[in-house]
Amino acid sequence: MTAESQKIAERHHVMTEHELATLGGGVVAYIKMLTSDEASRMFPSVEGLPEGINLFSLHAADGTPLALTDTKQAAIGHAIDDDLEIASVH
């Protein structure tokens, strides 16, 4: 991080990537919509994904993929089952 970007981060209270990655320590997660191609790359052990559909992945705050589902509601269910708080990521 440059000195100028550090000043901006301090002024606007922007979290660094490391701070975001360690946020929640196994408590915070986020959900991301993926194409079937993106899901195949992110979850290579999952075979036979239909082409041209959107899927939903649940990720730990550090970006680690936790689950792949066909609905957002199922991803939310996984988070709830694992006692994870879902953060909104834009």
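Residues numbered from 1 in each chain as written. Predicted model: local features only at pLDDT ≥ 70, side-chain atom pairs only at ≥ 80, totals over all residues. Heavy atoms only, no water.

### So, the pairing of strand S3 (residues 65-69)
Logical step 1: Relative to S3, strand S2 (residues 54-60) runs antiparallel, the two sharing four bridges. Looking at the pairing, Phe56 lines up with Thr69 of S3.
Logical step 2: Count of turn residues in the S2/S3 antiparallel hairpin: four residues, of which Gly63 carries a positive phi of about 95 degrees. (Pairing = 2+ DSSP bridges. Helix = DSSP H or I, 4+ residues; strand = E, 2+ residues; numbered from the N terminus.)

### Considerations on the sheet that holds S2
Logical step 1: On the basis of which strands lie adjacent, the open sheet formed by four strands has the order S3-S2-S1-S4 and mixed pairing. Looking along the sheet, the strands with just one partner apiece sit at the ends: S3 and strand S4 (85-86).
Logical step 2: Examined bridge by bridge, strand S1 (residues 28-35) and S2 share seven bridges and lie antiparallel to one another. Along S2, the bridge assignment pairs Leu34 with Leu55.
Logical step 3: Sheet strands in contact with helix H4 (residues 72-81) are S1, S2, S3 and S4, and its direction is about 20 degrees off that of S2. (Contact = heavy atoms within 4.5 Å. Axes fitted to C-alpha atoms, helices over the stretch in contact; angles between N-to-C directions.)

### Some details on a nonpolar patch on the surface
Logical step 1: Together, Ile76, Ile80 and Ile86 make up an exposed nonpolar region whose accessible area comes to about 250 Å².
Logical step 2: Along the chain, Ile76 turns up in helix H4.
Logical step 3: The class of Ile76 is partly exposed, set by a relative accessible area of 30%. (Patch = residues over 30% accessible without salt bridge, like charges linked within 9 Å, V, L, I, M, F, W, Y side chains within 5 Å. Areas by Shrake-Rupley, 256 points an atom, 1.4 Å probe, with all protein chains shown as cover. Salt bridge = Lys/Arg side-chain N within 4 Å of Asp/Glu carboxyl O. Buried < 20%, exposed > 50% of the residue type's maximum accessible area, 1.4 Å probe, protein only.)

### Regarding the confidence of the model for the protein
Logical step 1: On average, residues of the protein score 83 in pLDDT, and 77% of them are at 70 or above.
Logical step 2: Per-element confidence in the protein ranges from a low mean pLDDT of 63 for helix H1 (residues 3-12) to a high of 95 for H4. (pLDDT = per-residue confidence, 0-100.)

### Section: the environment of Ser88
Logical step 1: Along the chain, the position of Ser88 falls in the segment after S4.
Logical step 2: For Ser88, a relative accessible area of 59% gives the class exposed.
Logical step 3: In this structure the C-alpha to C-alpha distance between Ser88 and Ala29, which are 59 residues apart in sequence, comes to 8.9 Å.

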